[in-house]
Amino acid sequence: MTARHRSRRRELVESIAQGAVLLSDEDQLLAINDAARELLAIPVEARVRSGADVLIHPELAGAVADVRDTGEPMTLEIDHAEARLRVNVSMLRDEVLVLIIDRTEEHRVEQLRRDFVVNASHELKTPVTGIQALTEALAVVAQQQPERVPELVARLGDEAARLAELVHDLLDLRRLEERGPSDRERVDLAELVRRVVAAQVDRADESVVELSVEAPVEVPFVGGRGDLEVVVRNLVRNAITYNRPGGTVVVALRVVPHVQGEPQIELVVTDSGMGIAPAELPRIFERFYRVDPARSRHTGGTGLGLAIVRHAVEQIGGSIEVASRLGEGTSFTVRLPAERSA
Ligand code: ADP
């Protein structure tokens, strides 16, 4: 091959947007572009001369050998240096061209979707199986021990309620994910918070938890009413559920001067409950994550509440933070953007 040929080859490989590697029939490295170096995680200072120096992944090296033997192009996916790569290997006359695309992000999303379907089916199975078993038991008990019918009907009602809550949360999450950002409606946040909190008073009384709101008379805001309600309802519900008898929940809404001088709205839900261990904190916003799955069988949580809250906050253009001390309590802070406040 002439020097001119070689430099034309190199130019061609370098002009390709994806990762590209060109090898001679004797496995000499004819050209490699920056994208390929990066995707294959080859240090800049590394001296690479042959295919064996760059195609370190055994499957990839095997594919190159196969393509050399058969002349048939091949596409494969490999996990390499924390990335998911799709690699296409083909012959270009007697040389081997390796094209590499980074599919890490798509792969992660596909994996999340698959996990979601598996988890959702698994979660749905528990109440459905319960309802089936209780229905069968009810038929027998109605004949033989009619006095036990009310007890079984009550349990049936609990399982049905659990199923309904789960389906409701799943639909909320799907709706949030598929829809774009929130509507822009005028909302009085102070009124909304007071109303949503008032609807939780019975739940708080049942748990012997004192519930209070600290808010200005009016806090005008422009954003999706439904999303705001979902955020407040879920945070307050958790603050009551993961509390202790005699505990408190304080919902504080305030307008704070932002660093740039623009006002920012802060919603802080603080409880005096069980708290969350530092190791668990990063995971609580994940779908289906529950700190104590055995306990949540009684409290009736779906593990979706905070995933829904986080999505809704993002749709409104805000952010959420959590601070907690095990055994002392937890505080969730939602910040809403200044440019959205009316
Ligand atoms: P769930 O439906 O189980 O409540 P969430 O997504 O709302 O699911 O919350 C996830 C987990 O985070 C809960 O199972 C609970 O263990 C923990 N958690 C949420 N809020 C609080 C809180 N205020 N105090 C203590 N733990 C909480």
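Details of the structure are given in the entry above.
Nothing here was measured: the structure is a model prediction, and the numbers come from that model.

Peer 1: What is the right way to read the site of the ligand from this model?
Peer 2: Near the ligand there are 19 residues, and of these Asn238, Tyr242, Asp271, Thr302 and Leu306 occur at the shortest range. Contacts to the ligand include Val291, whose backbone N or O atom sits 3.3 Å from an oxygen atom. A distance of 2.9 Å separates an oxygen atom of the ligand from a polar backbone atom of Gly303. For the ligand, the protein covers 96% of the area, taking 530 Å² as the surface of the free molecule.

Peer 1: What is the right way to read the packing of helix α6 (residues 149-178) against helix α11 (residues 305-316) from this model?
Peer 2: Helix packing geometry: the angle between the two helix axes and the distance between the axes. Axis separation between α6 and α11 bottoms out at 10 Å; the angle between their running directions is 25 degrees. Here α6 is positioned roughly parallel relative to α11, judged by the angle of their axes. Helix-helix and strand crossings are classified by hand; for α6 and α11 the assignment is left-handed. Contact with α6, carried on its side by Asp169, Asp172, Leu173, Leu176 and Glu177, involves Gly305, Ala307, Ile308, His311, Ala312 and Gln315 of α11 and no other residues of that element. Considering only residue class, the contact of α6 with α11 consists of 5 nonpolar, 3 polar and 3 charged.

Peer 1: Which parts of the structure should I look at to understand the nonpolar core?
Peer 2: Side chains that are nonpolar tend, in soluble globular proteins, to be buried together. Ranked by size, the top nonpolar core spans 49 residues in total, and within it Leu189 and Leu235 carry the most contacts. Listing elements by their share of this core, those giving two or more residues are α5 (104-144), α6, α7 (189-198), α9 (225-241), β9 (248-257), β10 (263-271), α11 and β12 (329-336). Looking at this core element by element, the count peaks at 8 residues for α9. Viewed by domain, this core spans two of them, domain 2 (104-178) and domain 3 (181-342), each represented by three or more residues. Excluding anything up to four places from it in sequence, Leu189 contacts Val219, Phe221, Leu228, Leu253, Ile265 and Leu336. Formed by 24 residues, the second largest nonpolar core is a distinct cluster that contains Val21, Leu40, Ile78 and Val98.

Peer 1: So what exactly am I meant to see when it comes to the sheet that holds strand β3 (residues 74-80) here?
Peer 2: Consider a sheet: its strands pair through backbone hydrogen bonds, and that pairing is either parallel or antiparallel. Taken together, the 5 strands give an open sheet; going across it, the order is β2-β1-β5-β4-β3, and neighbouring strands pair in antiparallel fashion. Pairing within the sheet leaves two strands with one partner each, and these edge strands are β2 (29-32) and β3. Neighbour-to-neighbour, the strand axes of the sheet open up by a mean angle of 20 degrees, direction not taken into account. Pairing of β3 with strand β4 (residues 83-92) involves 7 bridges; the strand directions are antiparallel. By the bridge assignment, His80 is partnered in β4 with Ala83. In this fold helix α1 (residues 3-15) packs onto β1 (19-23), β2 and β5 (95-102), with an angle of close to 35 degrees to the strand it touches most, β2. Strand contacts of helix α4 (residues 58-70): β1, β3, β4 and β5, with the helix running at about 165 degrees to β3, the strand carrying the most contacts.

Calculation notes
Residues numbered from 1 in each chain as written. Predicted model: local features only at pLDDT ≥ 70, side-chain atom pairs only at ≥ 80, totals over all residues. Heavy atoms only, no water. Near = heavy atom within 4 Å. Polar contact = N/O pair within 3.5 Å; in protein donor to acceptor, adjacent residues only side chain to side chain. Areas by Shrake-Rupley, 256 points an atom, 1.4 Å probe, with all protein chains shown as cover. Axes fitted to C-alpha atoms, helices over the stretch in contact; angles between N-to-C directions. Helix = DSSP H or I, 4+ residues; strand = E, 2+ residues; numbered from the N terminus. Parallel < 35°, antiparallel > 145°, perpendicular 65-115°, else oblique. Left-handed = near helix turned anticlockwise from the far one by under 90°. Contact = heavy atoms within 4.5 Å. Nonpolar A, V, L, I, M, F, W, Y, C, P; charged D, E, K, R; others polar. Core = buried A, V, L, I, M, F, W, Y, C linked by side-chain atoms within 4.5 Å. Buried < 20%, exposed > 50% of the residue type's maximum accessible area, 1.4 Å probe, protein only. Domains from an automatic or database assignment. Pairing = 2+ DSSP bridges.

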